[in-house]
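Coordinate inspection notes
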Amino acid sequence: MLFSLSLSEGAIDETYIFDRTFSKMTVKRRGMWLNDVTECSTREIAAVELDEIEDSDGNRSYYVDLWMFGGEILSLRSPSLTEQYKMADLIRRYISISDEPTLSNIFSLGVREA
C-alpha cells in the first residue's frame, strides 16, 4: 500500500511517496535544473511536526517536518496552513497503522498551489 503527495510551485515539482510494502518514503524534487531523489525508511520517522517560516516581507511558508531517529529532519513543503495540517495528519495516521497484507489499495492525494 502506498500514497503520494504532490506539490507544484512554479518550476519545481515535489512528490512525496510513502510505501508501506517496503517501509520507505521517497522524496522527488524535479525542476529545470533540479533532479533530486531522497529515500529513507518510514520506520525511522520519530515525529511529525509543523513548521511555519515568515520572511522579511511577511510571506509565510509552511512545512511538515519529519524528525528522524538520529536527528535528521526532512522538511516537506506545503502550499497552505490548511494543507499543512492535512498532510501532517495523513502522514501520522499512515505510519502508525499496522500492515494489512491483503490490502492493495493505492491512496493518492494531490496538493497543488494555484
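The structure contained in this document is the topic of the report that follows.

Parameters at a glance
- Residues numbered from 1 in each chain as written.
- Predicted model: local features only at pLDDT ≥ 70, side-chain atom pairs only at ≥ 80, totals over all residues.
- Heavy atoms only, no water.
- Helix = DSSP H or I, 4+ residues; strand = E, 2+ residues; numbered from the N terminus.
- Buried < 20%, exposed > 50% of the residue type's maximum accessible area, 1.4 Å probe, protein only.
- Contact = heavy atoms within 4.5 Å.
- Pairing = 2+ DSSP bridges.
- Axes fitted to C-alpha atoms, helices over the stretch in contact; angles between N-to-C directions.
- Core = buried A, V, L, I, M, F, W, Y, C linked by side-chain atoms within 4.5 Å.
- Salt bridge = Lys/Arg side-chain N within 4 Å of Asp/Glu carboxyl O.

1. Remarks on the side chain of Thr42
- Secondary-structure assignment places Thr42 in the loop between strand S4 (35-41) and strand S5 (45-54).
- The class of Thr42 is buried, set by a relative accessible area of 13%.
- Once you skip the residues sitting within four places of it in the chain, Thr42 turns out to touch Phe18, Ser23, Lys24, Met25 and Ile95.

2. Some remarks on the sheet that holds S5
- The three strands are arranged S5-S6-S7 in an open sheet whose pairing can be described as antiparallel. Of all the strands in the sheet, just S5 and strand S7 (73-78) have a single pairing partner and so form its edges. If you compare each strand with its neighbour and ignore which way they point, the axes differ by 25° on average.
- Where S5 meets strand S6 (residues 60-68), nine bridges bridge the pair, whose relative direction is antiparallel. Bridge assignment links Glu49 to a residue of S6, and that residue is Asp65.
- Here helix H1 (residues 81-96) sits on the sheet in contact with S5, S6 and S7, set at roughly 175° to S5.

3. Side note on the pairing of strand S3 (residues 24-30)
- Both strand S2 (residues 12-19) and S3 contribute to a ladder of seven bridges, which runs antiparallel. Each bridged residue has a counterpart across the sheet, and for Asp19 the counterpart in S3 is Lys24.
- Once S2 ends, the chain turns through four residues before running back antiparallel as S3, passing Ser23 with a positive phi of about 50°.
- In this structure, S3 lies alongside S4, joined through seven bridges in antiparallel fashion. Considered in S4, the bridge of Val27 is made with Thr38.
- Connecting the antiparallel pair S3 and S4 is a turn made up of four residues.

4. Thoughts on the nonpolar core
- Ranked by size, the top nonpolar core spans 16 residues in total, and within it Phe18, Met25, Val48, Val64, Leu66, Leu76 and Ile91 carry the most contacts.
- The set of elements that each furnish at least two residues to this core consists of S2, S3, S5, S6, S7 and H1.
- Considering each element in turn, this core owes the most residues, four residues, to H1.

5. Here's the deal with the pattern of salt bridges
- Counted under the stated rule, the structure contains seven salt bridges.
- Among the salt bridges present, the one from Glu52 reaches Arg60, with a minimum N-O distance of 2.7 Å.
- On the basis of relative accessibility, which here comes to 47%, the residue Arg60 falls in the partly exposed class.
- In this structure, the salt-bridge partner of Glu54 is Arg60, at a minimum N-O distance of 3.5 Å.
- It is possible to trace a salt-bridge network through shared partners that takes in Glu14, Arg29 and Arg77.

The values reported here are purely geometric and, on their own, carry no functional implication.
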